[in-house]
Amino acid sequence: MNDRSWTTRPITRRRLLIAGGASAGLVALSSCSLLDTDPAGGGDGPSEAPGTDLRESPQLAARVEAGELPPLSERLPANPSVIEPVDRPGVYGGTWTSALLGPEDEAWLQRTLGYDPLMRWNPEWTEAIPNIAESVEQSDDGHEFLITLRAGMKWSDGAPFTADDLVFAFTDFLMNKELSPASPSFLSNGGQPATLTRVDDQSVRFTFAEPNGLFLEQLALINSGDMLVTLPRHYLQQFHAAYTEGVDAVAASAGFASWTELMLARSETYQNAEKPTLNAWMLTNALGDATTVTAERNPYYWKTDPDGRQLPYLDSLSFEVVSDAEVILLKATNGEFAFHTRHVTSLANKPVLAEGREEGGYEFMTLSSSLMNEMVIFLNLTHQDPVKREVFTNKDFRIGLSHAIDRAELNTATFQDEGEPWQAAPSPDSRFFDEELATQYLEFDVDLANEALDRAGLTQRDGSGFRLAPDGSPLAIEVEVAEPGVVPYWLDAMNLVVGYWAEVGINARTRPEDRTLFKERTEANQHDAGVWVGPGGLGDETRRPFFYLPTMRFEQAFAPAWAQWYQSNGAQGEEPPEPTRQQCELFWELARTPDPDQRDELFGRILEIARDQFYVIGTLRVPTGYGIVRNDFHNVPEEMPESFDYATPGGSSPCQYFIE
Amino acid sequence: MSRPTDVDPATPDAELAVASQRTLVWRALRRHKLAMAGLVITCLLYLVAVFADFLSPYDPGDINADYAYAPPQQLHVVDTSDGWDWGLYVNGYEQTRDPETLAQTFRENPDEKIPVRLFARGPEYKLFGLISTDIHLLGPDDPDGPPMYLLGASRTGHDQLSRILHGTRISMSIGLVGLAMAFALGVVLGGASGYFGGKVDAVIQRVVEFFMSVPAIPLWLGLAAALPRDWGPLQRYLAITVILSIINWTDLARVVRGRFLALRGEDFVTAAYLDGISRRRIIGRHLLPSFSSHLIAAMTLSIPAMILAETSLSFLGLGLRPPTVSWGVLLSDVDVRALETAPWLLLPGLAVVTAVLAINFLGDGLRDAADPYQS
Amino acid sequence: MLTFVARRVALMIPTLVLISIVTFTIIQLPPGDFLTTYVTNLSAQGEQVDPAEVAALRARYGLDEPLPAQYLTWIWGIVSDGDFGRSFEWNRPVAEMISDRLPLTIVFMAATVVFTWIIAFPIGLYSAIRQYSITDYVATTIGFLGLAIPNFLLALALMWMGLNVFGQDSVGGLFSPEYRDAAWNLGKVLDLAGHLWVPMVVLGTAGTAGLIRILRANLLDELRKPYVTAARARGMPERRLLLRYPMRVALNPFVSTIGWVLPVLIGGEVIVSSVLSLETTGPLLLSSLQSQDMYLAGSIILLVSVMTVIGTLISDLLLAWLDPRIRHGMA
């Protein structure tokens, strides 16, 4: 099954099953003895013959020798992408072992083997640089983008990767109403879809209706920039009605309702091991085929180290799909993972993982958080109840609540003393750092809190000492907490905060609820208050400004009705009051601005308004997280940013990791 | 078939029969040592539930963040450091946190003596919901001084002892309330099914079969998620017991039906029927008592089953949620970190095991003792 | 007897229809649908999803249709050509996914049932004969300890001990990594046996106590009946006396448990298998319920329910065969 050659002949269901591994057991059964006690069909061990003088993996060299593969020079593009190793050039071989938390954890695959979009982030995460694209040229007016590909670049099955693949992906898939009823938002602006023109074999031109300031950054993100380069035309056209006749019949015989269903299933990146890829490793067991997702090196990978040695260094990936996080934690302490940064690397688990370091043979590496807050408490400023809306929109009320919180105790009790009191504001290292925004009303002071609440008009109290709303009606605030939270300590922390608020006469209680329900209720504008993590701390400020201005309708929903107005360009929802409306207009302008410095300036003005408005109450920022790296696993940076945008650890080029 | 005559349940003079049976039951129960132990422990647990406020040194919601994961302290009776000095005390903690591993280490500080006294003052509460007081059985002499954690502290710094004691309330009562509902449903429907047979039996059996064949977990998941969101902790608690009894009544119904079917043909039932006694009376007076042993066995087995079901539901995040305190809620805190660094977080598990064993043994003994045919 | 069987089989059909409807409804009870769950999962990981794309997906999956229509489509697929629908989450046919995991689940269940009986039978028998002896107390205490310890706690503790005390090489699952996706051979079977005991003990001990109790109770009831005294008076050897009739009656519960042991096991299996991350249907059921992957969850529940209904039927038939009184009462 290692020999992956593709034909354009329609693939029958039977063949798919065999290729997909569903009947791999049966196939293998006939070839080995039943009474054998060796694990038949297990992975090959790390390949031998280490040394940094080899230009390609010995496994591949052997296949070239046997005539199964063309020589390296024919497999690499004319101008390969050169990746600087983090510490030193590596040796070929080894398997990266890790785990996925359930089938929905596709994100860990996207982050590890899937981060090869058209553009990518530089390792420092400050700008988008060419990746699959050899070069990008933006027209001066910001309407046009000329993208040039690498000549001689190939898919993992050896078929050439050209401008035609981009045209196919764009025209026949992403802009095809049957396959993508809603075309991806990064491919349109000003309400108009972009157009794509094929310039020659190696280059295409995107044209937008309005100047597009964010396009190049978006091409470096997962779920945007990778969509254009994960749809191989030569493989997928056999399932496309525009290219192949009678494809509906093929779909029906494979158990699909229509050709689009078949096409969508075959175009899945992580659930179809057959689809050729441009990634460093190609799947051998897709998600769902077996209990472990495995991948092996792509012989046509188009990156090399500075000595011209083909990447990736690692032979293969083996990620077990595990249903319980505690199992993952035990596996981690047992040294079963080569490198892992998710699921269990929480502050609370750090002592456990620290204890296991010697036995498990691994060490910690640092992740610098892109979050500006572990828990932002937001009141619903567009509450449906006019009394609550009046109270919540009163800035003094929010100031009072903020002063009432003992963030130092919160830090000790729930964040292992790792946090730093912080409002909803960019991190100190951010170019948008604003000390006042970050530290205003942060001080724990019951007197100040009471003063502010009195100022807000909540002077009357009921029999049990709780403050009444200005109109004399009881005021009870329900803070909704999503479970399971993005951060595991929300409920503990919020229960504490509710206690602090009771001290200043505010009657609040927590309501833990399912994450789905939380999303639905916030989106429907039915909540009093809620908590969520604050993104946009470092590196992603302009892309995730959800607590700086109302652009998110759910989860970070401090004003869902205003956010609806923003999202619908003023057609729906409620028009926000003047300062907020100005923020929305500035943000629209930012998206149209090609010049990065000008964009930063506009964003600075948005933040100034956010500082005056003080929409939400921040608690603590935890500057760093951590991952675990086995001692024989090299070239992982000591420190890297943690963010989905950076595809951590994808942004640090996993293709140059190696085991020795 | 002949029967012993002393406690024949078929005798219409049931007054006497019941009275003498009660005496017999008590005598027989005392012979069963495990059952007696079970009885004593069960009574103690319910007493704890009633007096939880008084017995626990702190309010279960109180936290002291500085003492998260603090290990249990030893309660000293005599201070021998300087001669013999009677008086309760615990040693204070010395704590450090490793900045790299974030691990906290607590050491008992032999020099710091925190005096402890009986009937100490602490947080205010209402005994039986009526009498307001702040006297607790045991507590630090100075309520505002350093704390005392005889069973250690939770991951956020709750007193584990107070939480376990308060958890007794919900965990021990959830079984009773749920059982009452399950019992009523099970006995009535199972009895009707077994006695009448025919169409009634067929219909009831379909209902039972239906409830039994829907696996419990999805039923819980669906129902727990469907609970109206504005319900407070008390309503939620009641709802959970109802959900638990929905699952549980079918067992009882099936047991009752099986025994009915077997007993229906017995001579004494036929005799009663021929005597012209009404069906309802035959069921209530003759059939039910004749297999009360079996009912009691099934019933006692279902109280612990409900206690356990509550822990499972809470573990899956579907049952009760903090700040409500039950043993299940406390146990949902147990993870690898607890196993490794804070084994005292497993203590609520010990409470569950004790309660389940005690009630089981009690039921076991009752069952043996209540057997009317016993020689 | 034949008409009895035929009537019972005919009665199963409405039960199954009702179960399938209720199953489908239960899955829909929590707010939202698969896509809401999917979107919230993505956004919790820092991803964002286009609202327009979500609407498009909803139409594609047929989630915007009314519930009865969704139900009829699903059930018609099952009845007409055994098509259980596709799992949204795994993007694979449900039938394929279940058949991948069902064999191991059945092995696990069967092993657990056998284990339960092997433990329960001698303890129950012994403690009935030697009532109130020290050994009775010890045996019952051991039997009940398994029941008293919450399953998830025992599973977690055994897994942790497996790693830290017994030095197991890998954590969780039913196979070591090298055998996980290997073909079946003797080595793999041994490897499975080496891993299966933990979940088997956890799940099995929980069920043992119930059986011990019922066996002991029934046996005690029977042993005190006059016919036993009469037989004993006639000098029938104690062993034969025990096995001749009381034992058969006392075995009734073992038989009637066949019916309900399955859903109880499935319920327990969901928790144990999820904690231990086994390759069985339990974790699949839990995750599909949580993500509201309705065809997958619905099909698993339906399958389990069908097995239960059949199990109940078998247990009723056996009961009637074992105890003539029930048979005659029914005829």
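From a predicted model like this one, the values you see are computed outputs, not experimental measurements.

Procedures and definitions
- Residues numbered from 1 in each chain as written.
- Chains lettered and ligands numbered in written order.
- Predicted model: local features only at pLDDT ≥ 70, side-chain atom pairs only at ≥ 80, totals over all residues.
- Helix = DSSP H or I, 4+ residues; strand = E, 2+ residues; numbered from the N terminus.
- Buried ≥ 20, exposed ≤ 12 C-beta atoms within 10 Å, placed from the backbone.
- Contact = placed C-beta atoms within 7 Å.
- Pairing = 2+ DSSP bridges.
- Axes fitted to C-alpha atoms, helices over the stretch in contact; angles between N-to-C directions.
- Domains from an automatic or database assignment.
- Nonpolar A, V, L, I, M, F, W, Y, C, P; charged D, E, K, R; others polar.
- Parallel < 35°, antiparallel > 145°, perpendicular 65-115°, else oblique.
- Left-handed = near helix turned anticlockwise from the far one by under 90°.
- Expected span 1.5 Å × (residues − 1).
- Arc of directions from axis to C-beta.
- pLDDT = per-residue confidence, 0-100.

So, about the overall build of chain B. Secondary structure summary: chain B contains 13 helices and 4 strands in total. Across the 375 residues of chain B, 49% fall into the buried class. Intrachain contacts of chain B at a sequence separation of at least 6 include 70% that bridge at least 24 residues.

This part takes up the sheet that holds strand β14 (residues 316-322) of chain A. Residues and elements named next belong to chain A. One open sheet accounts for 4 strands, arranged β2-β14-β12-β11; its pairing is mixed. Two strands lie at the open edges of the sheet, namely β2 (95-101) and β11 (281-285), each paired on one side alone. The sheet shows a mean angle of 25° between the axes of neighbouring strands, direction not considered. In this structure, strand β12 (residues 292-297) lies alongside β14, joined through 5 bridges in antiparallel fashion. Note that in β14 the partner of A295 across the bridge is L317. Docked against the sheet, helix α11 (residues 325-333) engages β2 and β14, running at close to 155° with respect to β2.

All names here are of chain B. Here chain B is partitioned into domain 1 (37-50 + 164-374) and domain 2 (69-151). With 5 residues of domain 1 in contact, the opposing surface of domain 2 contributes 4 residues. Looking at side-chain class alone, the side of domain 1 that touches domain 2 contains 4 nonpolar, 1 polar and no charged residues.

This paragraph deals with the pairing of strand β24 (residues 624-630) of chain A. Residues and elements named next belong to chain A. Of all 7 residues that make up β24, 6 are buried, and the element is covered over most of its length. Summarising the sheet, strand β15 (residues 339-340) and β24 pair through 2 bridges and their orientation is antiparallel. Within the sheet, the bridge partner assigned to F339 lies in β24 and is V629. Across 7 bridges, the pairing between strand β16 (residues 362-369) and β24 is antiparallel. In the strand pairing of β24, L367 is matched with G625.

This part takes up the packing of helix α15 (residues 395-403) of chain A against helix α18 (residues 446-455) of chain A. All names here are of chain A. Where α15 contacts α18, the axes come no closer than 7 Å and their chain directions differ by 160°. With respect to α18, the axis of α15 lies roughly antiparallel. Note on packing geometry: the crossing formed by α15 with α18 is left-handed. Contact with α15, carried on its side by D396, F397, I399, G400 and H403, involves L448, A449, A452, L453 and R455 of α18 and no other residues of that element. For the contact of α15 with α18, the per-class residue count stands at 6 nonpolar, 2 polar and 2 charged.

As a further point, take helix α22 (residues 578-591) of chain A. Residues and elements named next belong to chain A. Helix length check: α22 (14 residues) gives 20 Å between terminal C-alpha atoms against 20 Å at 1.5 Å per residue, within 8%. Those residues of α22 that fall on the buried side of the exposure criterion are T580, Q583, C584 and L590. Down the axis of α22, the sector holding all buried residues measures 120°, keeping them to one side. Here the buried face of α22 lies against α21 (560-567) and α23 (596-613).

Right, let's talk about helix α6 (residues 134-148) of chain C for a bit. In this model, α6(C) (15 residues) spans 20 Å end to end at C-alpha, consistent with the 21 Å of a helix rising 1.5 Å per residue. Taken residue by residue, α6(C) has C:D136, C:A139, C:T140, C:G143, C:F144, C:G146, C:L147 and C:A148 as its buried positions.

On to the environment of A:I222. Residues and elements named next belong to chain A. Structurally, the position occupied by I222 is in the loop between α7 (215-218) and α8 (233-236). C-beta crowding within 10 Å serves as the criterion here: with 21 such atoms nearby, I222 is assigned to the buried category. Along the backbone, I222 and F644 are 422 residues apart, and their C-alpha atoms lie at a distance of 8.0 Å. Setting aside residues no more than four positions away along its own chain, I222 makes contact with Q110, G114, Y115, P117 and A647.

All names here are of chain A. Averaged over all residues, the pLDDT of chain A equals 87, while 92% of them reach at least 70. Here residues 1-32 is modelled with pLDDT under 50, and outside its nearest four sequence neighbours on either side it reaches 37 contacts, counting other chains as well. Note on residues 41-49: pLDDT is under 50 here. Beyond four places in sequence and across chains, it has 21 contacts.

Now for the pairing of strand β2 (residues 85-97) of chain B. Residues and elements named next belong to chain B. When strand β1 (residues 76-79) meets β2, the two strands line up antiparallel, connected through 3 bridges. If you follow V78 over to β2, its bridge partner there is W86. Both β2 and strand β3 (residues 104-127) contribute to a ladder of 9 bridges, which runs antiparallel. When the bridges of β3 are listed, G92 appears paired with N109. The loop that links β2 with its antiparallel partner β3 comprises 6 residues; one of these, L102, has a positive phi angle of about 65°.

Right, let's talk about the sheet that holds β16(A) for a bit. Strands sit in the order β15-β24-β16-β26 (chain A) across an open sheet of 4 strands; the sheet is mixed. Strand pairing shows two members of the sheet lacking a second neighbour, β15 and β26 (639-642) of chain A, which therefore form its edges.

So, about the environment of A:N176. All names here are of chain A. Positionally, N176 belongs in the loop between α6 (163-174) and β7 (188-189). A count of 17 C-beta atoms within 10 Å places N176 in the partly exposed class. Between the C-alpha atom of N176 and that of V504, which follows or precedes it by 328 residues, the distance is 58 Å.

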